[in-house]
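Understanding the architecture of this molecule
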Amino acid sequence: MITTRESLPLIETVAPADQAAVAEVVRTARDQEKAIYPIGGGSALDYGVCPGVPGVGLSLKNLKRVVDHAVDDMTITVEAGVTMAQLSELLAAQRQRLPVDAVRPGQATIGGVVATGAFGPRRYACGTIRDYVLGLRAVDGQGSAFSAGGRVVKNAAGYDLCRLLVGSLGTLAVITQVTLMVRPQPETSAFLVADLLDFDQAERLLDGLVRTKTLPVAVELLTRRAQQGNPVLGPMVQQSAARLFVGFEGTAGEVEWMVDRLRDQWRELGIAAPIAVAASDAPALWQWLRESDGSAAEVQINVRPGATARLIENLVELDGACSIRAHAGNGVIRLGLPPREPEDFVMFLRGRLRPAVVAARGKMVVRSYPDDVELTAEDVWGPPGDGAAVMRAIKDRFDPDGILNRGRFVF
């Protein structure tokens, strides 16, 4: 059986106390021609190409100060080592939140979430971490500290370096501090759930949500094998192929009205008994939906939202043992793959999975894969696109010696 990668090829790990010390570590590594691997909470070490060059682990665990919380301005500035759970607790005390779902929030840090461009079920209405970063501080691959953006919502000065660094996997700079826009905490939430006989029915319900009078926060489509561990609902009806979760947030009156309206809409579309998940059970369901299902490998596929149900059906036909959780309203499919022999995994990925995604006009990234599987950057990230030359130039500008997360990203 193959196991998920949980480590990096580290010579040693250092944990600087502040940004100045981070810059010194990077400068020293550059002078010694050593690779640097930034580490937040360690919840995404298996994301990206498995690096083969030993280097220095740069832990941000000691950078965990809350620099400023402007409650009335709805902004907060924290250092990169603050975990998502700590941030949530701090904001909740002021009835605020950062509506970005992160896997393992007790472990994941805000710096890591920004570096990986994380998002979850609430992306449908709330967007991704990119939409909440107002400013940041970081250290580039030459050991030079810099800042971008600001601490106010209306800030349009200069180039948008914040958006450039979000999702760059620490290959352009080591993020040390982040300023975020936050939102009011909703009064309550609930779900309406439907077991679907086939993917034609899924397509009809998803299409109906485009014209609904309700305002869903999340639209999640899960296959039968993805239901394991559901803390609220029992097994799907035996004949069902998938289960659709639609989440709502707002005041108690708003949520109740939206659940009732969508229930009526679904009954008109042939769903005789939609399942309502009440406010008391909703938090557990939100938490379950955001987590990984523990598959041996996970692939993220982006496709037109209207093509999501059909592509999921095709993926299930390709591998009946796969587990699929889709942010269906956004056309994002999280495909969990079962254990395979390394050679079989590579053949399946190259010869069957990627061609199916390309045929659906989608894009595919391997989010995690086992240690004993050898994949190239093109296997993980896909073939270089039209922007490859620009990306290469940006990488050379920020990290001319290529020491930051060497080999994990496209460059």
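See the structure shown above.
Residues numbered from 1 in each chain as written. Predicted model: local features only at pLDDT ≥ 70, side-chain atom pairs only at ≥ 80, totals over all residues. Heavy atoms only, no water.

**Examining the overall build of the chain**
Rules: By definition, any uninterrupted DSSP run of H or I lasting at least four residues is a helix, any uninterrupted run of E lasting at least two residues is a strand, and each is numbered from the N terminus. Radius of gyration here uses only the C-alpha atoms, and the compact-globule reference equals 2.2 Å multiplied by the residue count raised to the power 0.38. Any residue under 20% of the maximum accessible area for its type is buried, any over 50% is exposed, and the rest in between are partly exposed; the area is computed with a 1.4 Å probe on protein chains only. The contact criterion used throughout is that any non-hydrogen atoms of two residues lie within 4.5 Å. Calculation of accessible area relied on Shrake-Rupley with a 1.4 Å probe; when residues are assessed, cover is drawn exclusively from the protein chains displayed.
The number of helices and strands found in the chain is 12 helices and 18 strands. Taking 22 Å as the expected radius of gyration for a compact globule of 411 residues, we find that the chain reaches 22 Å, a close match to that expectation. Viewed in the frame of its principal axes, the chain has a C-alpha envelope of about 65 × 55 × 35 Å. In the chain, which comprises 411 residues, the share counted as buried stands at 52%. Across the chain, contacts joining residues at least 24 apart in sequence account for 73% of those joining residues at least 6 apart. Within the structure as shown, the chain displays about 18200 Å² of accessible surface, and the carbon and sulfur contribution to it stands at 50%.

**Digging into the packing of aromatic side chains**
So the rule is basically this: Aromatic pairing here means that ring centres of Phe, Tyr or Trp (its six-membered ring) are within 6.5 Å. Orientation follows from the plane angle: under 30 degrees is stacked, over 60 is edge-to-face, and everything else is tilted.
As enumerated under the stated definition, the model contains five aromatic pairs in all. Aromatic side chains Tyr47 and Trp381 sit 5.4 Å apart centroid to centroid with 55° between the ring planes, which places their arrangement in the tilted category. On the criterion of sequence distance, the pair formed by Tyr47 in the loop between strand S2 (35-39) and strand S3 (55-59) and Trp381 in helix H11 (residues 377-381) is long-range, its members being 334 residues apart. Tyr47 sits in the buried class, given a relative accessible area of 10%. Ring geometry for Trp381 versus Phe409: centroids 4.7 Å apart, planes at 85°, classification edge-to-face. Residue Trp381 is found in helix H11, and its partner Phe409 is found in the segment after helix H12 (388-398); the two are separated by 28 residues along the sequence.

**Comments concerning the pattern of salt bridges**
For clarity, the cut-off: Here, a salt bridge means any side-chain nitrogen of Lys or Arg that lies within 4 Å of a carboxyl oxygen of Asp or Glu.
One pass over the full model with this rule turns up 19 salt bridges. For Arg340, the salt bridge is made with Asp319, and the minimal N-O distance between the two is 2.9 Å. Of the two residues, Arg340 is situated in the loop between strand S17 (332-337) and helix H10 (342-359) and Asp319 in the loop between helix H9 (308-318) and strand S16 (323-327); the sequence distance between them amounts to 21 residues. The burial state of Arg340 is the same as that of Asp319; both residues are buried. Look at the salt bridges and you will find they share partners, linking Arg97, Asp101, Arg122 and Glu249 into a network.

**Description of H10**
Note the following rule: To estimate how far a helix should extend, the number of its residues minus one is multiplied by 1.5 Å.
If you check H10, its first and last C-alpha atoms are 25 Å apart, about what 18 residues at 1.5 Å a residue would give, namely 26 Å. Elements in contact with the buried residues of H10: strand S15 (297-302), H9, S17, strand S18 (363-368) and H11. Directly beyond the C-terminal end of H10, a positive phi value near 60° is found at Arg361.

**Some words on the pairing of strand S11 (residues 188-196)**
Our working rule: Paired strands, in this sense, are two strands between which DSSP finds at least two bridges.
Along S11, nine of the nine residues are buried, which leaves the element largely enclosed by surrounding structure. A two-sided burial pattern is seen for S11, the buried positions comprising Thr188, Ala190, Leu192, Ala194 and Leu196 on one face and Ser189, Phe191, Val193 and Asp195 on the other. Two strands pair when backbone bridges link them, and S11 and strand S13 (residues 242-250) are joined in this way by nine bridges, in the antiparallel orientation. Along S13, the bridge assignment pairs Leu192 with Val246. As judged from the three bridges shared by S11 and strand S14 (residues 275-277), these two strands associate in the antiparallel manner. Its bridge partner being in S14, Phe191 is matched across the sheet by Val277.

**Some points on the pairing of strand S7 (residues 133-140)**
Consecutive residues of a regular strand have side chains that alternate between opposite faces of the sheet. Counting buried residues in S7 gives seven out of eight residues, a clear majority hidden from the surface. Note: S7 against strand S9 (residues 173-181), seven bridges, orientation antiparallel. From the neighbouring strand, Leu136 faces S9, where its bridge partner is Val178. Inspection of the sheet shows S7 paired to strand S8 (residues 145-149) by five bridges, in the antiparallel sense. For Val139, the partnering residue across the bridge sits in S8 and is Ala145. Here S7 hands over to S8 after four residues, with Gly143 in that stretch at a positive phi of 85°.

**Quick notes on the nonpolar core**
Selection rule: We define the nonpolar core as a collection of buried residues of types Ala, Val, Leu, Ile, Met, Phe, Trp, Tyr and Cys that are connected through side-chain atoms lying within 4.5 Å of one another.
In this structure, Leu221 and Leu353 are the most contacted members of the largest nonpolar core, which totals 56 residues. With six residues, the top contributor of residues to this core is H10. Setting aside chain neighbours within four positions, we find Leu353 in contact with Val299, Leu315, Leu318, Leu335, Leu337, Phe348 and Met364. Counting residues in hydrophobic clusters, the runner-up holds 48 residues, among them Leu136, Leu172, Phe191 and Val217.

**A closer look at empty space enclosed by the protein**
Here is the rule we go by: Grid spacing is 1 Å over the protein atoms alone, the probe is 1.4 Å, and a cavity is where that probe fits but cannot get out, while a pocket is an open set with protein on both sides within 12 Å along at least five of seven lines and lining residues have an atom within 4 Å of a point. Grid points are joined across faces, edges and corners, and a volume is the space filled by probe spheres set on the points. In this classification, the charged set is Asp, Glu, Lys and Arg, the nonpolar set is Ala, Val, Leu, Ile, Met, Phe, Trp, Tyr, Cys and Pro, and all remaining amino acids, among them Gly, are polar.
Counted by the stated rule, this structure contains one cavity of 30 Å³ or more. At the level of secondary structure, the elements contributing two or more residues to the lining of the largest cavity comprise S16 and S17. Grouping the amino acids of the lining of the largest cavity by side-chain chemistry returns no nonpolar, three polar and five charged.

**Side note on a negative patch on the surface**
Here is the rule: Two distance rules govern patches: like charges are joined within 9 Å, and nonpolar side chains (Val, Leu, Ile, Met, Phe, Trp, Tyr) within 5 Å, applied only to residues with over 30% relative accessible area and no salt bridge. Charge assignment in this entry is limited to Lys and Arg as positive and Asp and Glu as negative, and neither His nor the chain termini are counted. Charged side chains are reduced to one point each, which is NZ for Lys, CZ for Arg, CG for Asp and CD for Glu.
A cluster of acidic side chains, namely Glu341, Glu343, Asp344, Asp371 and Asp372, defines a negative patch on the protein surface. With respect to the helices and strands, the residue Glu343 is situated in helix H10. Accessibility expressed as a relative area gives 53% for Glu343, which makes it exposed.

**Notes on the sheet that holds S2**
Quick reminder of the rule: Fitted lines through C-alpha atoms give the axes, limited to the stretch in contact for helices. The angle between two N-to-C directions lies from 0 to 180 degrees.
Strand order in the open sheet formed by three strands is S1-S3-S2, and the pairing between neighbours is parallel. Of all strands in the sheet, those bounded by a partner on one side alone are strand S1 (10-14) and S2. Across the sheet, the axes of successive neighbouring strands diverge by a mean angle of 25°, strand direction being ignored. Across four bridges, the pairing between S1 and S3 is parallel. When the sheet's bridge partners are listed, Leu10 is paired in S3 with Gly55. Sitting on the sheet, helix H1 (residues 19-31) touches S1, S2 and S3, and the angle it makes with S3 is about 175°.

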